Amino acid sequence: MNNSIIKGIGYHVPSQVVTNDDLSKIMDTSDEWIQTRSGIKERRWVKEDEAASHLAIEASKKAIMMANVSPEDIDLVVVGTISSDYFFPGVSAQLQAELGLDKIAAFDLKAACSGFVYSLSVADQFLKTGMYKTALVVGAEAQTKFINKSTEGRDIAVLFGDGAGAVILEPGDSHSGVLSTHLHCDGKDLKYLWMEGPGSSGACQINIDNIQQNPSHYEPHMNGKKVFQNAVVRFPEVIQEALDANDLSIDDVALVIPHQANLRIIQAVAKRMNVPVDKFYANLQRYGNTTAASIPIALCEAYNEGKISKGDIIILAAFGAGFTWASAAIKW
């Protein structure tokens, strides 16, 4: 069975840069407070007339160009996002229409910060069975449209940014490409990182009373301590799972590209695994937490910086709401 090869990559972020000092003007915070707790210096926010689909389209165009494929070659689109333009349909439908993709399968996948690795895994399985031949896989978020940009919501607001990253997958040989993927979920602690509404539960149905009486139900909430405690355990576990599945050691890996949530988490994971922190790529200081977009954006930047070469083993690893966590081992 052939592996899926990454033939093209691309990313796109909004033009609007929001620094920590900018945030200090609209909420009670400071550059020192934010950097000490997260490592983030700035992030990109979409403007009022921008949404997740706009970012996804631009990232996809770049990936398609690099892969040198035509729209008629693509027969599968999978988009990881929790901030689609509309409650339904998903961003995948907008990509199909905007890019002129004909008679394809297209759907969104909602696994929060693990969304890109989940989407990559799903597309990889479809290609391995031969059901589809060329897949466009996207992580895209305009999460800042949902955050409370005030002192009350600062624990979330200072962390998030917007962006999109995309890859083109095609079947290749059995010695390179996506070697394995590993997906997990444990929902018992879902309320430590969640956005309650809108939803079909009583308190979150869309009506005037609910919105007026429970406005905080319609914005993300996080127990940062619990998220940190879980993340620093699950990241090493799922990275090791990818290594074991392919008879590799961490010394065989050129680069680990983790979800870009918090620099303290990345540092703690590196320490737990007893590896130099510079084996873990980080760009969150520039973009913040872009949820499902963070790994493909980081993958693109790492490649552009010359940190990934042909034949390198890289590990993608994610942890997010659900809780979900996931990894992918890839030979470039």
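Since we're looking at a predicted model, the values are computed, not measured. (Residues numbered from 1 in each chain as written. Predicted model: local features only at pLDDT ≥ 70, side-chain atom pairs only at ≥ 80, totals over all residues. Heavy atoms only, no water.)

Student: Tell me what's going on with the sheet that holds strand 8 (residues 177-185), and back it up with residues and numbers.
Tutor: What the four strands build is an open sheet, ordered 8-13-12-11; its pairing is mixed. Bordering the open sheet on either side are strand 8 and strand 11 (255-258), each of which pairs with just one other strand. Across the sheet, the mean angle from the axis of one strand to that of its neighbour is 15°, orientation sign disregarded. Two strands pair when backbone bridges link them, and strand 8 and strand 13 (residues 324-331) are joined in this way by eight bridges, in the antiparallel orientation. Its bridge partner lying in strand 13, Ser-180 is registered against Ala-329. Strands in contact with helix 5 (residues 115-129) are strand 8, strand 12 (313-320) and strand 13; relative to strand 8, the strand with the most contacts, it is inclined by about 125°. Those strands touched by helix 8 (residues 224-245) are strand 8, strand 11, strand 12 and strand 13, and its axis lies near 150° from that of strand 12. (Pairing = 2+ DSSP bridges. Helix = DSSP H or I, 4+ residues; strand = E, 2+ residues; numbered from the N terminus. Axes fitted to C-alpha atoms, helices over the stretch in contact; angles between N-to-C directions. Contact = heavy atoms within 4.5 Å.)

Student: Talk me through the nonpolar core; I want residue IDs and the actual numbers.
Tutor: Membership of the largest hydrophobic core comes to 40 residues, with the highest contact counts inside it found for Val-167, Leu-169, Ile-257 and Leu-316. Not counting chain neighbours up to four residues away, the residues in contact with Leu-169 comprise Ser-4, Ile-5, Ile-6, Leu-120, Ala-123, Asp-124, Leu-127, Lys-133, Thr-134, Ala-135, Val-137 and Val-178. If you look at the next biggest cluster of nonpolar residues, it comprises 39 residues, including Ala-157, Val-256, Ala-270 and Met-273. (Core = buried A, V, L, I, M, F, W, Y, C linked by side-chain atoms within 4.5 Å. Buried < 20%, exposed > 50% of the residue type's maximum accessible area, 1.4 Å probe, protein only.)

Student: Tell me what's going on with a negative patch on the surface, and back it up with residues and numbers.
Tutor: Taken together, the side chains of Asp-244, Asp-247, Asp-251 and Asp-252 define an acidic patch exposed on the protein surface. With respect to the helices, strands and loops of the structure, Asp-251 is situated in the loop between helix 8 and strand 11. (Patch = residues over 30% accessible without salt bridge, like charges linked within 9 Å, V, L, I, M, F, W, Y side chains within 5 Å. Areas by Shrake-Rupley, 256 points an atom, 1.4 Å probe, with all protein chains shown as cover. Salt bridge = Lys/Arg side-chain N within 4 Å of Asp/Glu carboxyl O. Lys, Arg positive; Asp, Glu negative; His and termini not counted. Charge placed at Lys NZ, Arg CZ, Asp CG, Glu CD.)

Student: Could you give an account of the sheet that holds strand 4 (residues 76-80), with specific residues and numbers?
Tutor: Spatial strand order, 1-7-6-4-5: five strands in an open sheet with mixed pairing. At either end of the open sheet lies a strand with only one pairing partner, and these are strand 1 (4-12) and strand 5 (105-109). Strand after strand, the sheet turns through a mean of 15° between neighbouring axes, direction not considered. Both strand 4 and strand 5 contribute to a ladder of five bridges, which runs parallel. Residue pairing in the sheet places Val-78 in a bridge with Phe-107 of strand 5. Packed on one face of the sheet, helix 3 (residues 52-67) meets strand 1, strand 6 (135-141) and strand 7 (163-171) and runs near 135° to strand 1.

Student: Quick one: what's the story with the side chain of Lys-279, residue by residue and with numbers?
Tutor: Relative to the helices and strands, Lys-279 resides in the loop between helix 9 (263-272) and helix 10 (284-287). The buried charged residue Lys-279 lacks any salt bridge partner; its closest oppositely charged side chain belongs to Asp-251, at an N-O distance of 5.4 Å. Of note is the side chain of Lys-279, whose polar atom sits 2.6 Å from the backbone oxygen of Val-253. Those residues within four positions of Lys-279 in sequence are excluded, and the remaining contacts are Ile-250, Asp-251, Val-253, Ala-254, Leu-255 and Val-256. (Polar contact = N/O pair within 3.5 Å; in protein donor to acceptor, adjacent residues only side chain to side chain.)

Student: Summarise the environment of Glu-219; cite the residues concerned and give the values.
Tutor: Tracing the backbone through its elements, the reader meets Glu-219 in the loop between helix 7 (208-213) and strand 10 (221-222). The class of Glu-219 is buried, set by a relative accessible area of 16%. Distance in space between the C-alpha atoms of Glu-219 and Gln-143 is 9.9 Å, their sequence separation being 76 residues. Ignoring sequence-local partners within four residues, the contact set of Glu-219 consists of Phe-146, Asn-148, Trp-194 and Met-195.

Student: So what about the pattern of salt bridges? Which residues, and what values?
Tutor: Inspection of the entire model under this criterion finds eight salt bridges. The salt bridge partner of Glu-58 is Lys-61, with a shortest N-O separation of 3.8 Å. Of this pair, Glu-58 and Lys-61 both sit in helix 3, three residues apart, roughly one helical turn. In this structure Glu-58 comes out as partly exposed when scored by relative accessible area, which is 31%. Among the residues examined, Lys-61 registers a relative accessible area of 37% and is labelled partly exposed. Here Asp-186 ties to Lys-188 by a salt bridge, and the two come within 2.8 Å at their closest N and O atoms. Owing to a relative accessible area of 22%, Asp-186 belongs among the partly exposed residues under this scheme. Residue classification places Lys-188 among the exposed residues on the basis of a relative accessible area of 64%. Linked through salt bridges whose partners overlap, the residues forming this network are Asp-186, Lys-188 and Asp-189.

Student: So what's going on with the layout of surface pockets? Which residues, and what values?
Tutor: The computed volume of the second largest pocket comes to approximately 320 Å³. Lining of the second largest pocket is provided by 16 residues; of these, Ile-5, Ile-6, Lys-310, Lys-331 and Trp-332 occupy positions nearest its centre. Going through the elements one at a time, strand 1 and strand 13 are the ones with two or more residues in the lining of the second largest pocket. Ranked by the residues each element gives to the lining of the second largest pocket, the list is headed by strand 1, at five residues. Partitioned by chemical class, the residues of the lining of the second largest pocket number seven nonpolar, five polar and four charged. (1 Å grid on protein atoms, 1.4 Å probe; cavity = no way out; pocket = protein on both sides within 12 Å on 5 of 7 lines; lining within 4 Å. Points joined across faces, edges and corners; volume = space filled by probe spheres on them. Nonpolar A, V, L, I, M, F, W, Y, C, P; charged D, E, K, R; others polar.)

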